Each structure stands twice: as C-alpha cells, then as structure tokens.
Amino acid sequence: MGAGVTDSPAVRLQALFEGHRLTPTQRRIAHSMVRRASDVPFLSSVELAELAGVSQPSVTRFAVALGFDGYPALRRHLREVAPAEPAGDAASYNEYQQAVEAEIENLRHLAEVLADPRPVRRAGRLLAASRPLPVLGLRAAASQAYGFAYFAAKVHPDVRLLNEGGTMIHDRIDAAVRAGASALLCFALPRHPREVVDTLAYAKEAGLTVVTVADSAFAPVAKVSDLLLPAAVGTGLAFDTACAPMLLGRVLLEAMCDDLPDAQSRLEEFDARATARGLFVD
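All of the points below concern the structure found in this document. The structure displayed is predicted, hence computed values, not measured ones.

### Some words on the pattern of salt bridges
Piece 1. One pass over the full model with this rule turns up 7 salt bridges.
Piece 2. The salt bridge partner of D116 is R118, with a shortest N-O separation of 2.8 Å.
Piece 3. Note that E269 is salt-bridged to R273, the shortest N-O span being 3.0 Å. You can see E269 and its partner R273 sitting in helix α13 (residues 263–277), 4 residues apart, about one turn around the helix.
Piece 4. Take E269: its relative accessible area is 47%, and that puts it in the partly exposed class.
Piece 5. For R273, a relative accessible area of 41% corresponds to the partly exposed category.

Written out as structure tokens, the structure is:
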C-alpha cells in the first residue's frame, strides 16, 4: 500500500476491526468510528454512543470485544494509532458547504482505499467473465445499479439490470444462472432493504459469486458478499449522498473493461452507430 493509506486514521481503524466477529450493533459502532476517524480518539463513550445511536454499555462491550479492558483503553490506543488530522475551518461553512466537504472527504478516503487496486481488479475479472452479468440495486441504490448497467452494456455482451424488487427477482436470478452467469454485482446503500440481503443469500446459494459496493465494510450485506468494496455515503443532508459509491462503480467499469478484450472495439462501434443516427448533439 502507498503511504497515504498507512497514514489514514480511517484505514487504521478498519485494520483494527478486521478479524473480529462483531454483532450488528458493534458493526454500527465501528462504521460510525470509521466515518469520524479523526474525531473518535477524543470522544467519550457517551458521545460515541450518541454518534452511533446505541447505548453507552454497548460501546463498552464493543471495546472489550476488540480485546481492550474497556473504552478508556481503546481510546488511548486510538490516540496512538489514529492521531487527529489538521482540521479545516468547518465553522465558517454553511450546512450545504459542510455536506460538500463531507463528500470530498469520502472521496479522499476512497482514493486511499484504491491505493491497493487488487480487490477492484479481482472484481473486474469476475464481472467481465460472467455471461450474463446481473446487476442488482434496490431503493436508494437503484440509480447506482442503473448507471452501472447503462455503461456496462456498451462493452459487456449481456448485462441484466435488477432494480425492482418483488417475487420475480429470484426467478430472474435463476434465469441468469441457467444462461451461464457466474457473478452478480450489487450496489447496497442505506437504509439497507431486507430484500437485498435475502436476494444476495439466494444468489450465493444459486452458485453466483457476489461482488458488492456498499457504504461500509460493516454493512448488513457484508455477510452475504464474497467481495465487498466499501465507499461511504454522505449524511449531512436530509437524504444521503452517494458520490463515492458512484465513482467506485465507474472504477469497477474501468477494471471490467481491462478484462474485456473487445471493449474498445465495442465502444468504437457504438460511436459509429450513434454518429450515423445523429444520436447526440455535439
């Protein structure tokens, strides 16, 4: 990994949590800590509980689950391994600017994670090899799945968008498997629909390798994903913002194209047809 990853408080926190079997409540605490990595070493257990929306005893049990005597010991450790980064003049920003700054920080964190390109390259190989390629995204994640499928269809011979839930979604997964699918790409964003978790479990039982873009490595879909790629969402506005998941989807497209030998020729063919049809206004 590059130096930027080593120096990142968020990445150091992720490493601290890896290898531990955490309960859903504990995953929620871990997720909140990663998102506020620079602030966490200076929060009390009560403040962290409020941040994560859990009880103060849950924070104590979380610290013990990580191998510490209690939360004070965990906080001392965090001050050593995840020192605070220089804070910007956030007080001078209005609420809209703060939301943008938070998304910029999410993108910086994504850049740090992508310093190790191996997970994305592996995902690209899995998606390129799957014929057909089902792409799942429900509710808040439906637009992410649609955007990926729209562009992927220009280079991949058979992309099947699954962006509407209901009783037929399992039938469509069965049809994809019968047609030769080997992998499924899922976009999963909060609030996480139970149907997405159930659908991914079904896809795995059907023999598909599940690649998931989610808002956190501790998202509920982690347990039913073979390869999870995290990209945080912004929560500063009434509705979450998903710039980082969208960008990660485009990065996945790039990685998939690298494993599709005819991707460039397909794009050139599309451009030629679009020009002949006058499809776009120059």
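Don't stop here, the text continues.
### As for the layout of surface pockets
Piece 1. Of the voids in this model, the second largest pocket is the one considered here, and its volume is about 780 Å³.
Piece 2. Along the walls of the second largest pocket sit 31 residues, with Q14, E18, A217, L228 and P230 positioned nearest its centre.
Piece 3. Listing elements by their share of the lining of the second largest pocket, those giving two or more residues are α2 (9–17), α7 (95–113), α8 (118–129) and β5 (227–230).
Piece 4. In terms of residue class, the lining of the second largest pocket is built from 21 nonpolar, 4 polar and 6 charged.

### Details of α13
Piece 1. In this model, α13 (15 residues) spans 21 Å end to end at C-alpha, consistent with the 21 Å of a helix rising 1.5 Å per residue.
Piece 2. Buried within α13 we find A263, F270 and A274. The arc that holds every buried residue of α13, seen down its axis, measures 35°, which confines them to one face. Projecting away from the buried face of α13 at angles above 90 degrees are the exposed residues T275 and A276.
Piece 3. Lining the buried residues of α13 we find α12 (243–258).
Piece 4. A positive phi of about 65° marks G278, the residue just after α13.

### Things to note about the packing of aromatic side chains
Piece 1. A complete count under the given rule lists 5 aromatic pairs for this structure.
Piece 2. Ring centres of F148 and F187 lie 5.9 Å apart, and the angle between their planes is 55°; on these two criteria the pair is classed as tilted. Residue F148 is located in helix α9 (residues 142–152), and its partner F187 is located in strand β3 (residues 183–188); the two are separated by 39 residues in the primary sequence. With respect to class, F148 is no different from F187; both count as buried.
Piece 3. Seen in terms of ring centroids, Y150 and F151 are 4.9 Å apart; in terms of plane orientation they differ by 80°. Their pairing is edge-to-face.

### Thoughts on the environment of R194
Piece 1. Within the fold, R194 resides in helix α11 (residues 194–205).
Piece 2. When the C-alpha atoms of R194 and R12 are compared, they prove to be 30 Å apart, with 182 residues separating the residues in sequence.

### A word on the sheet that holds strand β4 (residues 209–214)
Piece 1. The 5 strands lie next to each other as β2-β1-β3-β4-β5, forming an open sheet whose pairing is parallel. Because the sheet does not close on itself, it has two edges, and the strands there are β2 (159–162) and β5. Across the sheet, the axes of successive neighbouring strands diverge by a mean angle of 15°, strand direction being ignored.
Piece 2. Across 6 bridges, the pairing between β3 and β4 is parallel. Within β4, the residue paired with L185 across the bridge is V211.
Piece 3. On the sheet, α8 packs against β1 (133–136), β3, β4 and β5 and is oriented at approximately 125° with respect to β5.
Piece 4. Along the sheet, helix α10 (residues 169–178) makes contact with β1, β2 and β3, crossing β2 at roughly 165°.

Reading the values: the criteria
Residues numbered from 1 in each chain as written. Predicted model: local features only at pLDDT ≥ 70, side-chain atom pairs only at ≥ 80, totals over all residues. Heavy atoms only, no water. Salt bridge = Lys/Arg side-chain N within 4 Å of Asp/Glu carboxyl O. Helix = DSSP H or I, 4+ residues; strand = E, 2+ residues; numbered from the N terminus. Buried < 20%, exposed > 50% of the residue type's maximum accessible area, 1.4 Å probe, protein only. 1 Å grid on protein atoms, 1.4 Å probe; cavity = no way out; pocket = protein on both sides within 12 Å on 5 of 7 lines; lining within 4 Å. Points joined across faces, edges and corners; volume = space filled by probe spheres on them. Nonpolar A, V, L, I, M, F, W, Y, C, P; charged D, E, K, R; others polar. Expected span 1.5 Å × (residues − 1). Arc of directions from axis to C-beta. Contact = heavy atoms within 4.5 Å. Phe/Tyr/Trp six-rings, centres within 6.5 Å; stacked < 30°, edge-to-face > 60°. Pairing = 2+ DSSP bridges. Axes fitted to C-alpha atoms, helices over the stretch in contact; angles between N-to-C directions.

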